Amino acid sequence: MDKKNILHKIQEAEEQIKRIEKYIGPGIFRKIKRIIFSPRFYFFYLLLKFGLINNMKKVKLIWGKEMCVNLDDIFNIILYLYGIPPYIDLKSTKFCLKNFKKYDVFYDIGANYGYYTALASEICNEVHSFEPNPYIFNILKENFNKDNIYLNNLAVSDKKGECSLLLAGASSSIIDEVKLFLKTKSNFKNEIKCLSIKLDDYIKNNKPPTFIKMDIEGAEFFAIKGGLNFFKNHSPVILMEVVLNETFGKERQKLSKEAVLMLLDLGFKMYRITESGNMKLIDFYTYKSNLDYDNFVFIKY
């Protein structure tokens, strides 16, 4: 992959995505603006909403890789239409492209259908992906068949063994507090058994990560706790989702804060990602944002 060429292609496509995100939301005026400024997205969304097209689609990413996804959320819809993700993950994509090294061992914790797995596998030496949802994992297996990708139908937590996973679309979770919020707000009910593993146990038999992406719906704190020995003695680059307010529930925000504080106590510094994909050091205690959540970088020098 030519990283500079990919970044150039992203710059060409991102204005369309910005227009989509600008006019997402309720209200007749937003709807009119969506029709005017993003007709392709709007009419495709209507076709999905009324069941006129199949939700399972093959996406062609902007660098040419093809993978199947379920168009069950806006992330995958935009990915399908434009080959790159929306704003938050677009910034993170730029960051990854600028910072991935050929020797990196990338851990995609919360892989979903494998967007970051696909990105990392083009550059990094090895990719280890973790996805506990068996239905999504089966699609993940179909998407990837490369020697440098290791797929794990596992949740990463602070315990090894069996746990309960609430299936909630793109927000499936093993954390009781998060599951309660999802059941109350979104009426999700289906829970299944899955297996979990501690990061400290996994790396006993596998190469330890030099770069980690972590997006596991409130379980980040427990994943760090389960890899405490590793994080104490190593300095991977960590790209982690952080919930910034109570939109997804007080407990989810609290768990997210605890994950951040644990990394800070371990000597990591916290950085926000700029629109260009660069890093800017922040103070977590005073940081303000108008976003409900964002991806942040944690690095220990």
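1. Looking at the sheet that holds strand S9 (residues 211–214)
And step 1. Strands sit in the order S5-S4-S3-S9-S10-S13-S11-S12 across an open sheet of eight strands; the sheet is mixed. On the outer flanks of this sheet lie strand S5 (149–152) and strand S12 (279–281), each paired with one strand and no other. For this sheet the average axis-to-axis angle between neighbouring strands, irrespective of direction, equals 25°.
And step 2. Across four bridges, strand S3 (residues 105–109) lies against S9 in parallel orientation. In the strand pairing of S9, Ile-109 is matched with Met-214.
And step 3. Packing of helix H5 (residues 87–99) onto the sheet brings it into contact with S9, strand S10 (237–243), strand S11 (269–273), S12 and strand S13 (293–299), and relative to S13 it is tilted by some 20°.
And step 4. The strands that helix H12 (residues 250–265) touches are S10, S11 and S13; relative to S10, the one it contacts most, it runs at about 150°.

2. A word on the packing of aromatic side chains
And step 1. This structure, assessed with the given rule, holds 19 aromatic pairs.
And step 2. An angle of 85° between the planes, with centres 5.7 Å apart, marks the rings of Tyr-107 and Tyr-202 as edge-to-face. Separated by 95 residues along the polypeptide, Tyr-107 in strand S3 and Tyr-202 in helix H9 (residues 199–202) bring together distant segments of the chain.
And step 3. With 5.2 Å between their ring centres and 85° between their planes, Tyr-115 and Tyr-116 make a pair best called edge-to-face. Taken as a pair, Tyr-115 and Tyr-116 share a single burial class, namely buried.
And step 4. Ring pairing ties together the aromatic residues Trp-63, Phe-75, Tyr-115 and Tyr-116, which thus form one cluster.
And step 5. Seen from the ring of Tyr-82, Arg-40 lies directly overhead, with NZ or CZ sitting 5.2 Å from the centre.
And step 6. Over the aromatic face of Phe-248 sits the side chain of Arg-252, whose NZ or CZ is 5.7 Å from the ring centroid.

3. Points about unusual backbone geometry
And step 1. In this structure, Asn-112 takes a positive phi of about 55° despite not being glycine.
And step 2. With respect to the helices, strands and loops of the structure, Asn-112 is situated in the loop between S3 and helix H6 (115–121).
And step 3. In this structure, Glu-217 is a non-glycine residue whose phi angle is positive, near 50°.
And step 4. Position of Glu-217 relative to the elements: it lies in the loop between S9 and helix H10 (220–225).
And step 5. Given the relative accessible area of 11%, Glu-217 is considered buried.

4. Quick notes on the pairing of strand S2 (residues 66–70)
And step 1. Burial analysis of S2 places four of its five residues in the buried class, which makes it a mostly covered element.
And step 2. Pairing geometry for strand S1 (residues 56–60) and S2, over five bridges, is antiparallel. Within S2, the residue paired with Met-56 across the bridge is Asn-70.
And step 3. In sequence, S1 turns back onto S2 through a hairpin of five residues, with Gly-64 there showing a positive phi of about 110°.

5. Looking at empty space enclosed by the protein
And step 1. In this structure the tally under the stated criterion is one cavity of 30 Å³ or more.
And step 2. Glu-14, Lys-18, Tyr-87, Leu-90, Lys-91, Lys-94 and Glu-275 together form the lining of the largest cavity.
And step 3. Secondary structure elements with two or more residues in the lining of the largest cavity: helix H1 (3–22) and H5.
And step 4. Looking at the lining of the largest cavity, the element that brings in the most residues is H5, giving four residues.

6. Thoughts on the pattern of salt bridges
Between side chains of opposite charge, a pair can form as their charged atoms come close.
And step 1. In the structure shown here, the tally under the stated rule is 14 salt bridges.
And step 2. With a shortest N-O distance of 3.6 Å, Lys-18 and Glu-15 are connected by a salt bridge. Here Glu-15 and Lys-18 lie together in helix H1, a separation of three residues that amounts to about one turn.
And step 3. Judged by its relative accessible area of 33%, Lys-18 is partly exposed.
And step 4. Since its relative accessible area comes to 43%, Glu-15 is described here as partly exposed.
And step 5. Among the charged side chains, a network of salt bridges with common partners joins Asp-176, Lys-179, Lys-183 and Glu-191.

7. Notes on the sheet that holds strand S7 (residues 161–166)
And step 1. Strand order across the open sheet formed by three strands is S6-S8-S7, with mixed pairing between neighbours. If you trace the sheet from one side to the other, it starts and ends with strand S6 (155–157) and S7, each paired once. For this sheet the average axis-to-axis angle between neighbouring strands, irrespective of direction, equals 50°.
And step 2. Across six bridges, S7 lies against strand S8 (residues 191–198) in antiparallel orientation.

What counts, and where the lines are drawn
- Residues numbered from 1 in each chain as written.
- Predicted model: local features only at pLDDT ≥ 70, side-chain atom pairs only at ≥ 80, totals over all residues.
- Heavy atoms only, no water.
- Pairing = 2+ DSSP bridges.
- Helix = DSSP H or I, 4+ residues; strand = E, 2+ residues; numbered from the N terminus.
- Axes fitted to C-alpha atoms, helices over the stretch in contact; angles between N-to-C directions.
- Contact = heavy atoms within 4.5 Å.
- Phe/Tyr/Trp six-rings, centres within 6.5 Å; stacked < 30°, edge-to-face > 60°.
- Buried < 20%, exposed > 50% of the residue type's maximum accessible area, 1.4 Å probe, protein only.
- Lys NZ or Arg CZ within 6 Å of the ring centre and 35° of its normal.
- 1 Å grid on protein atoms, 1.4 Å probe; cavity = no way out; pocket = protein on both sides within 12 Å on 5 of 7 lines; lining within 4 Å.
- Points joined across faces, edges and corners; volume = space filled by probe spheres on them.
- Salt bridge = Lys/Arg side-chain N within 4 Å of Asp/Glu carboxyl O.

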